[in-house]
Amino acid sequence: EDLGVRHRLWVYSGRRGVHCWVCDDEVRRWSPALRAAAVEYLTLVKVSPGEVEQSVGPCPRGYPSQRSPMVLGLEGFCVVGKGSAVSAVSLDRRPQHRELLQAEFPRKRDSVQRWDLLRGKMERTRRAGGTGKSMPCYADWEVMLQFCFPRLDINVSKGVGHLLKSPFSVHPKTGRISVPLDLQRLDQFDPFAVPTISSLCHELDAASNDGEDSGETEPKRRARDYKKTSLAPYVRVFEHFVEEMEHARRGELLRRSGES
(Lines give C-alpha, C1' and ligand atoms only; values in the text may rest on other atoms or scores of the structure.)
Protein backbone atom coordinates (compact mmCIF):
# COMPACT_ATOMS: atom_id res chain seq x y z
CA GLU A 1 0.00 0.00 0.00
CA ASP A 2 2.73 2.49 0.91
CA LEU A 3 4.62 1.78 -2.31
CA GLY A 4 1.52 2.04 -4.49
CA VAL A 5 1.71 -1.47 -5.95
CA ARG A 6 -1.52 -3.24 -6.88
CA HIS A 7 -0.88 -6.60 -8.54
CA ARG A 8 0.70 -8.84 -5.91
CA LEU A 9 0.69 -12.62 -6.07
CA TRP A 10 1.80 -14.36 -2.88
CA VAL A 11 3.33 -17.79 -3.47
CA TYR A 12 4.41 -20.37 -0.87
CA SER A 13 7.95 -21.50 -1.63
CA GLY A 14 7.34 -25.17 -0.76
CA ARG A 15 9.44 -25.07 2.40
CA ARG A 16 9.46 -22.11 4.81
CA GLY A 17 9.44 -18.99 2.65
CA VAL A 18 6.91 -16.88 0.79
CA HIS A 19 7.46 -15.07 -2.49
CA CYS A 20 5.63 -11.89 -3.44
CA TRP A 21 5.37 -11.46 -7.21
CA VAL A 22 4.71 -7.79 -7.95
CA CYS A 23 3.47 -7.51 -11.52
CA ASP A 24 2.72 -3.77 -11.89
CA ASP A 25 4.23 -2.46 -15.13
CA GLU A 26 5.91 0.44 -13.33
CA VAL A 27 7.48 -1.78 -10.68
CA ARG A 28 8.85 -4.15 -13.31
CA ARG A 29 10.84 -1.20 -14.71
CA TRP A 30 12.37 -0.23 -11.36
CA SER A 31 16.14 0.02 -11.21
CA PRO A 32 18.15 -2.21 -8.82
CA ALA A 33 18.77 0.83 -6.58
CA LEU A 34 15.06 1.57 -6.30
CA ARG A 35 14.29 -2.09 -5.65
CA ALA A 36 16.87 -2.19 -2.88
CA ALA A 37 15.45 0.99 -1.34
CA ALA A 38 11.95 -0.51 -1.29
CA VAL A 39 13.13 -3.64 0.52
CA GLU A 40 15.18 -1.56 2.96
CA TYR A 41 12.07 0.49 3.74
CA LEU A 42 10.16 -2.68 4.57
CA THR A 43 12.94 -4.21 6.69
CA LEU A 44 12.66 -3.94 10.46
CA VAL A 45 14.61 -6.89 11.84
CA LYS A 46 18.27 -6.74 10.88
CA VAL A 47 20.77 -9.55 11.33
CA SER A 48 24.43 -8.59 11.49
CA PRO A 49 26.98 -11.01 10.02
CA GLY A 50 28.33 -13.39 12.66
CA GLU A 51 25.70 -12.46 15.22
CA VAL A 52 23.07 -14.83 16.53
CA GLU A 53 21.08 -12.14 18.28
CA GLN A 54 18.83 -10.23 15.92
CA SER A 55 18.18 -6.57 16.56
CA VAL A 56 15.03 -4.60 15.94
CA GLY A 57 14.97 -0.84 15.96
CA PRO A 58 12.83 1.40 18.14
CA CYS A 59 9.10 1.12 17.48
CA PRO A 60 7.60 4.58 17.04
CA ARG A 61 4.19 5.25 15.53
CA GLY A 62 5.41 5.11 11.94
CA TYR A 63 5.27 2.48 9.23
CA PRO A 64 5.48 -0.37 9.58
CA SER A 65 6.32 -0.82 13.25
CA GLN A 66 2.98 0.01 14.80
CA ARG A 67 0.40 -1.35 12.42
CA SER A 68 2.22 -4.48 11.29
CA PRO A 69 1.63 -6.47 14.51
CA MET A 70 -2.07 -5.59 14.34
CA VAL A 71 -2.41 -6.40 10.65
CA LEU A 72 -0.44 -9.63 10.83
CA GLY A 73 -2.04 -10.82 14.07
CA LEU A 74 1.32 -11.60 15.63
CA GLU A 75 0.45 -11.54 19.31
CA GLY A 76 -1.08 -15.00 19.65
CA PHE A 77 1.67 -16.57 17.54
CA CYS A 78 4.38 -14.83 19.54
CA VAL A 79 3.24 -15.80 23.01
CA VAL A 80 3.08 -19.58 22.66
CA GLY A 81 6.40 -21.26 23.32
CA LYS A 82 8.45 -18.13 23.83
CA GLY A 83 8.50 -18.43 27.63
CA SER A 84 11.37 -16.57 29.21
CA ALA A 85 12.56 -15.15 25.90
CA VAL A 86 10.33 -12.13 26.32
CA SER A 87 12.27 -11.13 29.41
CA ALA A 88 15.51 -10.77 27.50
CA VAL A 89 14.50 -9.18 24.20
CA SER A 90 14.37 -5.40 23.85
CA LEU A 91 14.82 -4.65 27.57
CA ASP A 92 18.60 -4.44 27.77
CA ARG A 93 18.43 -0.67 27.31
CA ARG A 94 15.76 -0.30 30.01
CA PRO A 95 17.10 -1.84 33.24
CA GLN A 96 14.24 -0.49 35.36
CA HIS A 97 11.73 -2.56 33.36
CA ARG A 98 14.00 -5.58 33.03
CA GLU A 99 14.62 -5.90 36.76
CA LEU A 100 10.90 -5.75 37.55
CA LEU A 101 10.06 -8.40 34.97
CA GLN A 102 12.87 -10.70 36.07
CA ALA A 103 11.48 -10.57 39.61
CA GLU A 104 7.87 -11.19 38.53
CA PHE A 105 8.33 -13.76 35.75
CA PRO A 106 9.12 -16.77 38.03
CA ARG A 107 5.79 -16.26 39.76
CA LYS A 108 3.84 -16.70 36.53
CA ARG A 109 2.64 -20.13 35.49
CA ASP A 110 3.21 -19.97 31.72
CA SER A 111 4.24 -17.76 28.82
CA VAL A 112 0.72 -16.37 28.39
CA GLN A 113 0.75 -14.94 31.91
CA ARG A 114 4.27 -13.58 31.42
CA TRP A 115 3.18 -11.95 28.17
CA ASP A 116 0.19 -10.33 29.90
CA LEU A 117 2.56 -8.98 32.55
CA LEU A 118 4.90 -7.54 29.91
CA ARG A 119 2.11 -5.96 27.87
CA GLY A 120 0.46 -4.46 30.94
CA LYS A 121 3.72 -2.95 32.12
CA MET A 122 4.54 -1.48 28.71
CA GLU A 123 1.06 -0.01 28.26
CA ARG A 124 1.34 1.70 31.63
CA THR A 125 4.69 3.24 30.70
CA ARG A 126 3.22 4.52 27.42
CA ARG A 127 0.26 6.10 29.20
CA ALA A 128 2.65 7.69 31.69
CA GLY A 129 4.84 8.95 28.86
CA GLY A 130 2.35 11.66 28.08
CA THR A 131 2.63 13.09 31.55
CA GLY A 132 6.43 13.17 31.70
CA LYS A 133 6.69 10.58 34.46
CA SER A 134 8.71 8.11 32.38
CA MET A 135 9.77 7.44 28.82
CA PRO A 136 7.32 5.27 26.84
CA CYS A 137 8.56 1.76 26.13
CA TYR A 138 7.58 -0.41 23.15
CA ALA A 139 9.27 -3.64 24.23
CA ASP A 140 6.11 -5.67 23.64
CA TRP A 141 5.91 -4.42 20.06
CA GLU A 142 9.59 -5.14 19.58
CA VAL A 143 9.16 -8.71 20.86
CA MET A 144 6.39 -9.35 18.33
CA LEU A 145 8.48 -7.94 15.51
CA GLN A 146 11.58 -9.79 16.68
CA PHE A 147 9.97 -13.23 16.50
CA CYS A 148 7.33 -12.79 13.80
CA PHE A 149 8.14 -10.06 11.31
CA PRO A 150 9.25 -11.45 7.93
CA ARG A 151 12.96 -11.56 7.11
CA LEU A 152 13.28 -10.12 3.62
CA ASP A 153 15.88 -11.26 1.07
CA ILE A 154 17.16 -8.01 -0.40
CA ASN A 155 19.38 -9.72 -2.97
CA VAL A 156 16.45 -11.52 -4.58
CA SER A 157 14.45 -8.31 -4.85
CA LYS A 158 17.07 -5.85 -6.07
CA GLY A 159 18.69 -8.00 -8.78
CA VAL A 160 16.64 -7.94 -11.98
CA GLY A 161 18.66 -10.91 -13.24
CA HIS A 162 18.28 -12.99 -10.09
CA LEU A 163 16.85 -16.45 -10.63
CA LEU A 164 13.34 -16.78 -9.20
CA LYS A 165 11.29 -19.86 -8.45
CA SER A 166 8.17 -19.91 -10.59
CA PRO A 167 4.73 -20.70 -9.19
CA PHE A 168 3.91 -24.43 -9.44
CA SER A 169 7.55 -25.46 -9.48
CA VAL A 170 8.72 -28.23 -7.16
CA HIS A 171 10.85 -27.55 -4.10
CA PRO A 172 13.93 -29.78 -4.46
CA LYS A 173 14.16 -30.68 -0.75
CA THR A 174 10.54 -31.14 0.30
CA GLY A 175 8.96 -32.13 -3.00
CA ARG A 176 6.10 -29.72 -2.29
CA ILE A 177 4.61 -27.61 -5.06
CA SER A 178 5.15 -23.86 -4.91
CA VAL A 179 1.50 -22.78 -4.79
CA PRO A 180 -0.23 -19.36 -4.90
CA LEU A 181 -1.91 -18.29 -1.67
CA ASP A 182 -5.52 -17.16 -1.30
CA LEU A 183 -5.26 -14.27 1.15
CA GLN A 184 -8.98 -14.43 1.89
CA ARG A 185 -8.49 -17.95 3.30
CA LEU A 186 -4.98 -17.60 4.64
CA ASP A 187 -5.94 -18.77 8.13
CA GLN A 188 -6.91 -22.12 6.59
CA PHE A 189 -3.63 -22.62 4.74
CA ASP A 190 -1.56 -25.58 5.96
CA PRO A 191 1.95 -25.72 4.42
CA PHE A 192 2.23 -29.39 5.33
CA ALA A 193 -0.90 -30.21 3.32
CA VAL A 194 0.39 -28.68 0.10
CA PRO A 195 0.47 -31.19 -2.77
CA THR A 196 3.79 -32.85 -3.49
CA ILE A 197 5.06 -34.11 -6.81
CA SER A 198 4.55 -37.69 -5.60
CA SER A 199 0.99 -37.14 -4.43
CA LEU A 200 0.09 -35.41 -7.70
CA CYS A 201 1.45 -38.35 -9.69
CA HIS A 202 -0.75 -40.74 -7.68
CA GLU A 203 -3.78 -38.47 -8.12
CA LEU A 204 -3.21 -38.21 -11.86
CA ASP A 205 -2.87 -41.96 -12.15
CA ALA A 206 -6.13 -42.43 -10.26
CA ALA A 207 -7.90 -39.86 -12.44
CA SER A 208 -6.63 -41.54 -15.61
CA ASN A 209 -7.78 -44.96 -14.44
CA ASP A 210 -11.24 -43.66 -13.57
CA GLY A 211 -11.71 -41.79 -16.84
CA GLU A 212 -13.08 -43.09 -20.08
CA ASP A 213 -10.87 -43.66 -23.11
CA SER A 214 -11.57 -40.63 -25.31
CA GLY A 215 -8.77 -41.25 -27.75
CA GLU A 216 -6.64 -38.43 -26.32
CA THR A 217 -2.91 -38.79 -26.01
CA GLU A 218 -1.58 -39.31 -22.50
CA PRO A 219 0.02 -35.83 -22.16
CA LYS A 220 -3.23 -34.10 -23.14
CA ARG A 221 -5.29 -36.30 -20.84
CA ARG A 222 -2.99 -35.76 -17.86
CA ALA A 223 -2.93 -31.99 -18.50
CA ARG A 224 -6.71 -31.95 -18.38
CA ASP A 225 -6.89 -34.22 -15.34
CA TYR A 226 -5.05 -31.74 -13.10
CA LYS A 227 -8.50 -30.31 -12.30
CA LYS A 228 -9.26 -33.58 -10.51
CA THR A 229 -6.23 -33.22 -8.21
CA SER A 230 -5.53 -31.25 -5.04
CA LEU A 231 -3.68 -28.69 -7.18
CA ALA A 232 -6.89 -27.36 -8.76
CA PRO A 233 -7.77 -24.78 -6.04
CA TYR A 234 -4.31 -23.22 -6.30
CA VAL A 235 -4.58 -23.00 -10.09
CA ARG A 236 -7.88 -21.13 -9.68
CA VAL A 237 -6.15 -18.61 -7.40
CA PHE A 238 -3.51 -18.06 -10.07
CA GLU A 239 -6.09 -17.74 -12.87
CA HIS A 240 -8.07 -15.20 -10.83
CA PHE A 241 -4.93 -13.12 -10.31
CA VAL A 242 -4.13 -13.15 -14.04
CA GLU A 243 -7.72 -12.21 -14.94
CA GLU A 244 -7.69 -9.24 -12.56
CA MET A 245 -4.38 -8.06 -13.95
CA GLU A 246 -5.63 -8.38 -17.53
CA HIS A 247 -8.81 -6.48 -16.65
CA ALA A 248 -6.77 -3.64 -15.15
CA ARG A 249 -4.53 -3.64 -18.21
CA ARG A 250 -7.48 -3.29 -20.58
CA GLY A 251 -8.89 -0.47 -18.46
CA GLU A 252 -5.59 1.38 -18.58
CA LEU A 253 -5.37 1.02 -22.35
CA LEU A 254 -8.90 2.37 -22.74
CA ARG A 255 -8.10 5.32 -20.48
CA ARG A 256 -5.00 6.19 -22.50
CA SER A 257 -6.84 5.90 -25.81
CA GLY A 258 -9.56 8.22 -24.47
CA GLU A 259 -6.98 10.81 -23.42
CA SER A 260 -5.27 10.72 -26.79
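- As annotated in an unreviewed UniProt entry, the chain carries the name DNA primase AEP and is attributed to Tricholaema leucomelas.
- Within the UniProt record for the chain, the comment given under Sequence similarities (unreviewed entry) is "Belongs to the eukaryotic-type primase small subunit family."
- Quoted verbatim from the Catalytic activity (unreviewed entry) field of UniProt, the annotation for the chain is "ssDNA + n NTP = ssDNA/pppN(pN)n-1 hybrid + (n-1) diphosphate."

1. Some details on the overall build of the chain
So, step 1. Counting its secondary structure elements, the chain contains twelve helices and four strands.
So, step 2. Across the 260 residues of the chain, 33% fall into the buried class.
So, step 3. Taking the contacts inside the chain whose residues are at least 6 apart along the sequence as the reference set, 58% of them involve residues at least 24 apart.
So, step 4. A total of about 16900 Å² of accessible surface is found on the chain, and carbon and sulfur atoms cover 54% of it.

2. Brief notes about the pairing of strand β2 (residues 18–22)
So, step 1. Both strand β1 (residues 8–12) and β2 contribute to a ladder of five bridges, which runs antiparallel. Note that in β2 the partner of Tyr-12 across the bridge is Val-18.
So, step 2. Between β1 and β2, which pair antiparallel in sequence order, lie five residues; one of them, Gly-14, sits at a positive phi of approximately 105 degrees.

3. Some thoughts on the side chain of Lys-121
So, step 1. As for its placement among the helices and strands, Lys-121 is situated in helix α7 (residues 111–129).
So, step 2. At 9.8 Å, Glu-104 is the nearest oppositely charged side chain to Lys-121, a buried residue that forms no salt bridge.
So, step 3. Apart from residues no more than four positions distant in its own chain, Lys-121 is found in contact with His-97 and Leu-100.

4. A few points about the nonpolar core
So, step 1. One finds Leu-101, Phe-105, Trp-115, Leu-117, Leu-118, Met-122, Cys-137, Ala-139, Val-143 and Met-144 forming the largest nonpolar core, which totals ten residues.
So, step 2. Breaking this core down by element, the ones donating at least two residues are α7 and α8 (139–148).
So, step 3. For this core, the leading source of residues is α7, giving four residues.

5. Overview of the environment of Asp-225
So, step 1. Within the element layout of this structure, Asp-225 appears in the loop between α11 (218–224) and α12 (232–259).
So, step 2. By relative accessible area, which is 1% here, Asp-225 ends up buried.
So, step 3. Placed 22 residues apart in sequence, Asp-225 and Glu-203 show a C-alpha to C-alpha distance of 8.9 Å.
So, step 4. Not counting the four nearest positions on each side in its chain, Asp-225 is found in contact with Leu-204, Ala-207 and Ser-208.

6. Quick look at α8
So, step 1. Of all ten residues in α8, nine are buried, a share of seventy percent or more.
So, step 2. All of the buried residues along α8 are Ala-139, Asp-140, Trp-141, Glu-142, Val-143, Met-144, Leu-145, Gln-146 and Cys-148.

7. With respect to the packing of aromatic side chains
So, step 1. All told, the structure shown has two aromatic pairs when counted by the stated rule.
So, step 2. Pairing Phe-168 with Phe-238 gives two aromatic rings, centres 5.6 Å apart and planes at 85 degrees, and the pair type is edge-to-face. Residue Phe-168 is found in the loop between α9 (154–158) and α10 (197–210), and its partner Phe-238 is found in helix α12; the two are separated by 70 residues along the sequence.

8. Re a nonpolar patch on the surface
So, step 1. The grouping of Trp-10, Val-18, Leu-183 and Leu-186 at the surface amounts to a nonpolar patch, some 350 Å² of accessible area in total.
So, step 2. With relative accessibility at 31%, the residue Trp-10 sits in the partly exposed group.

9. Considering unusual backbone geometry
So, step 1. Of note, Phe-168 is a non-glycine position whose phi angle comes to about 75 degrees, a positive value.
So, step 2. Relative accessible area serves as the criterion here: at 26%, Phe-168 is assigned to the partly exposed category.

Cut-offs used in this document
Residues numbered from 1 in each chain as written. Predicted model: local features only at pLDDT ≥ 70, side-chain atom pairs only at ≥ 80, totals over all residues. Heavy atoms only, no water. UniProt positions renumbered as here; feature names shortened; annotations may be inferred. Helix = DSSP H or I, 4+ residues; strand = E, 2+ residues; numbered from the N terminus. Buried < 20%, exposed > 50% of the residue type's maximum accessible area, 1.4 Å probe, protein only. Contact = heavy atoms within 4.5 Å. Areas by Shrake-Rupley, 256 points an atom, 1.4 Å probe, with all protein chains shown as cover. Pairing = 2+ DSSP bridges. Lys, Arg positive; Asp, Glu negative; His and termini not counted. Salt bridge = Lys/Arg side-chain N within 4 Å of Asp/Glu carboxyl O. Core = buried A, V, L, I, M, F, W, Y, C linked by side-chain atoms within 4.5 Å. Phe/Tyr/Trp six-rings, centres within 6.5 Å; stacked < 30°, edge-to-face > 60°. Patch = residues over 30% accessible without salt bridge, like charges linked within 9 Å, V, L, I, M, F, W, Y side chains within 5 Å.

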